[in-house]
Amino acid sequence: MSSHATPPPRLIARLDIKGPNVIKGIHLEGLRIVGQPGPMARRYYEEGIDEIVYMDTVASLYGRNNILPVVEEAARDIFVALTVGGGIRSVADIVAALRSGADKVAMNTAAIARPEFIGEAAKALGSQCIVISIEAKRRGEGRWEALTDNGRERTGVDVLEWVRKAEDLGAGEIMITSVDQEGTRRGFDHALFQAVRRRVSIPVIGCGGAGTAAHVVDAIERDGLDAIACASLLHYGHAPVPQLKAALAAAGIAVRPLAEAA
Amino acid sequence: MIVVVDYGRGNLFSLGQALRHLGAEYKVSSDPAEVLAAKRIVLPGVGAFGDAMRGLAERGLIAALKRVAAKGTPFLGICVGCQVLLSAGEEFGRHDGLGLIAGTVARLPAPRAGDPAAIRIPNVGWRHLDVRPLAPVLSVLNGTDLVYFVHSYAPMAADPANVAATIRVNGADIPVAVHRGSVVGVQFHPEKSGVAGLKLLRRFLETEFAR
C-alpha cells in the first residue's frame, strides 16, 4: 500500500472521567461508572484504537483540574495520541497536560468565555494541539446552540458561527458532540456533522449517539468526517474496536491494521 | 547514556515511556555538558518553531547540539525537534534553525477545491510513508506500517538526498523524515505510533552510523 491512498479516518475512544472512574451518561447526564481509565485505555490500545480522549467531567464545575495523575497513570505503555479536556483555562494548564503525556487539549468552557484564549494557546503550542470541544443542542432546523459544563449551561452561542470563529482564532480541530443524541445509541446528528464540516477547513471529530458499527460507517461515508469518537459503543461492548474496523473495511473505508505486538 | 533533551517544549512523558518500554536507559537533561557527553541524543518537541528555538537558546543548547551533530553522535529529532534541524522555519515569521540540514520548515499545502483525496490541515492521523531506499532508521518500516502525524508544517529539505520519507498531501510529495550523517528527523510521533513507532525507535537506538 502506498501513502497515496486515502488515509484512514480515526477511531477515537472517549473516556469521560469523574474522580478515579470512567463514567457514562445519556445526554451528558445520569452518569454511571463503567470502569477504570487505565485498564480501559489499555484494552482499547491493544485492540487497535487510533486515539484516546480523556474528558474531566467535573473540572469546570469545581474550577480545578485533577485529571492529570489519571492521564499519567493511564498513559503508561499506551502508544497512541492522547487528548485531555475539562478544566483547561490557561497556557500553563495546557503545558501541564502535555507534560503528563497528552498530545492535544480539548477546550470548551474557557474558550467560549474568552475566545482570545484559543489564539494565545495556538501561538504558544501550535494549532495542532488545540481541539475545540463543542456540546451542541439542537434549537430548530439547521440551528444549534453551544452548551458548556457538560450540557448544564446555556451560552446563546450559535454552533455554526462558533466553529468558524474558533478556526479563525487558531483551533486545530473541532470535536462536535450532539447533546441530543449523546448516550442514546440512536445514531448521530448527521445534519449537525455535515453543517460543521462545511463551515470549517480543519479536521472534524464527530461524537454522540453511535449505537451500532453501521452508525459509525455512516458518519464517515455520508458526512465525510475525519474522525469519530465513541464511548457507549466501546464501553458497553456493543461494537468493540476490531468489529468497528471490520465494518469500516467492509464498506471500503481504509483502516489502520493492528500490527503484531513489539 | 542516551540523553532526551528537555528545553521546556517536549512531550517528555510519552517519549520516556516508549524508551523505558524498549528497555533503554536514558536521562532527561537540559545541561549542555550532558548533551555533549551523550552517546545518543533524542530531541522531542511540540509547539511552534520560533518558540522551540527560543527554548533551546535560553538553555545554551544550540551550540551543544551543533557540536554533537558535527562529531557524529546519533541524533533523533521528533516533530518540532525534527523541524529545528533545518536552516529556518516559517511559522509565525521567519526564524533561524540549527541548520544541520539545509532547507525550510514550511506550511503544508491547502486542499484543492473538489479533490476527493483532500487532506485537511492540520494533518492529523495515521499515514503510510513512502520511504526512500536505504534510508537509515526509516527503512525498518514496511508497507503495512502506519505512523501518527499531528502537524501543519513540514521539513522541506533542500537536497533530495536528505529526504528519508515523504507522504502525499493535497497533490504534493511532502518530506516527513530527513537525514544527514548521524542526524535523523521525523515529523511524525514514533512514541504515539503504536508498534510501528516502537520498532522505529528501537532501530534508531541500534543503528551505528558510518562516520
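Up top is the structure.
Owing to the predicted nature of the structure, the values given are computational and were not obtained by experimental measurement.

Caption draft 1: Expanded view of the overall build of chain A. Counting its secondary structure elements, chain A contains eleven helices and twelve strands. In terms of C-alpha radius of gyration, chain A reaches 17 Å, essentially the compact-globule figure of 18 Å for 262 residues. Going through the 262 residues of chain A one by one, you find that 53% of them count as buried. Taking the contacts inside chain A whose residues are at least 6 apart along the sequence as the reference set, 65% of them involve residues at least 24 apart.

Caption draft 2: Structural context of the packing of helix 7 (residues 159–169) of chain A against helix 8 (residues 190–199) of chain A. All names here are of chain A. Interhelical geometry of helix 7 versus helix 8 gives an angle of 35° and a closest axis separation of 9 Å. Crossing of helix 7 against helix 8: the hand is right-handed. Each of Leu 160, Val 163 and Arg 164 in helix 7 lies in contact with helix 8, whose residues at this interface are Ala 195, Val 196 and Arg 199. A class-by-class count of the residues in the contact of helix 7 with helix 8 yields four nonpolar, no polar and two charged.

Caption draft 3: View of the interface of chain B and chain A. With 42 residues of chain B at the interface, the matching set in chain A holds 41 residues. At the level of secondary structure, the elements contributing two or more residues to the side of chain B that touches chain A comprise helix 1 (12–21), strand 8 (123–127), strand 10 (147–151), strand 12 (163–169) and helix 6 (194–206) of chain B. Here the side of chain B that touches chain A is composed, by residue class, of 19 nonpolar, 14 polar and nine charged.

Caption draft 4: Just the pairing of strand 3 (residues 40–43) of chain B, in detail. Residue and element names in this part refer to chain B. Where strand 1 (residues 2–5) and strand 3 come together, three bridges link them in parallel fashion. If you follow Val 3 over to strand 3, its bridge partner there is Ile 41. Bridge count between strand 3 and strand 4 (residues 75–78): three bridges; the pairing is parallel. Within strand 4, the residue paired with Ile 41 across the bridge is Phe 75.

Caption draft 5: The environment of Arg152(A), seen in detail. Mapped onto the fold, Arg152(A) is located in the loop between strand 8 (144–148) and strand 9 (153–158). It is 31 Å that separates the C-alpha atoms of Arg152(A) and Pro9(A), two residues lying 143 residues apart in sequence.

Caption draft 6: The arrangement of the sheet that holds strand 5 (residues 86–89) of chain B in detail. Residue and element names in this part refer to chain B. Read from one edge of the open sheet, four strands run 6-5-7-11, paired in mixed fashion. Either end of the sheet is taken by a strand with one partner, and the two such strands are strand 6 (95–96) and strand 11 (153–157). Alignment of strand 5 against strand 6, held across two bridges, turns out to be antiparallel. What sits directly across from Ala 88, in strand 6, is Asp 96.

Caption draft 7: Summary view of the sheet that holds strand 12 of chain B. Residues and elements named next belong to chain B. Judged by pairing direction, the sheet is mixed, and its eight strands sit side by side in the order 2-1-3-4-14-13-12-9 without closing on themselves. The two strands at the open ends of the sheet, each matched to only one other strand, are strand 2 (26–29) and strand 9 (130–131). In terms of strand pairing, strand 9 meets strand 12 through two bridges, oriented antiparallel. Looking at the pairing, Val 131 lines up with Ala 165 of strand 12. Where helix 1 meets the sheet, its contacts fall on strand 1, strand 2 and strand 3, and the angle it forms with strand 1 comes to roughly 160°.

Caption draft 8: Quick look at the nonpolar core. In this structure, Ile52(A), Val105(A) and Ile174(A) are the most contacted members of the largest nonpolar core, which totals 164 residues. Excluding residues within four positions of it along the chain, Ile174(A) makes contact with Ile132(A), Ile134(A), Val163(A), Ala166(A), Val196(A), Val200(A), Ile202(A), Val204(A) and Ile205(A).

About the criteria used
Residues numbered from 1 in each chain as written. Chains lettered and ligands numbered in written order. Predicted model: local features only at pLDDT ≥ 70, side-chain atom pairs only at ≥ 80, totals over all residues. Helix = DSSP H or I, 4+ residues; strand = E, 2+ residues; numbered from the N terminus. Rg over C-alpha atoms; globule rule 2.2 N^0.38 Å. Buried ≥ 20, exposed ≤ 12 C-beta atoms within 10 Å, placed from the backbone. Contact = placed C-beta atoms within 7 Å. Axes fitted to C-alpha atoms, helices over the stretch in contact; angles between N-to-C directions. Left-handed = near helix turned anticlockwise from the far one by under 90°. Nonpolar A, V, L, I, M, F, W, Y, C, P; charged D, E, K, R; others polar. Pairing = 2+ DSSP bridges. Core = buried A, V, L, I, M, F, W, Y, C linked by C-beta atoms within 7 Å.

In short, geometric facts, not functional conclusions.
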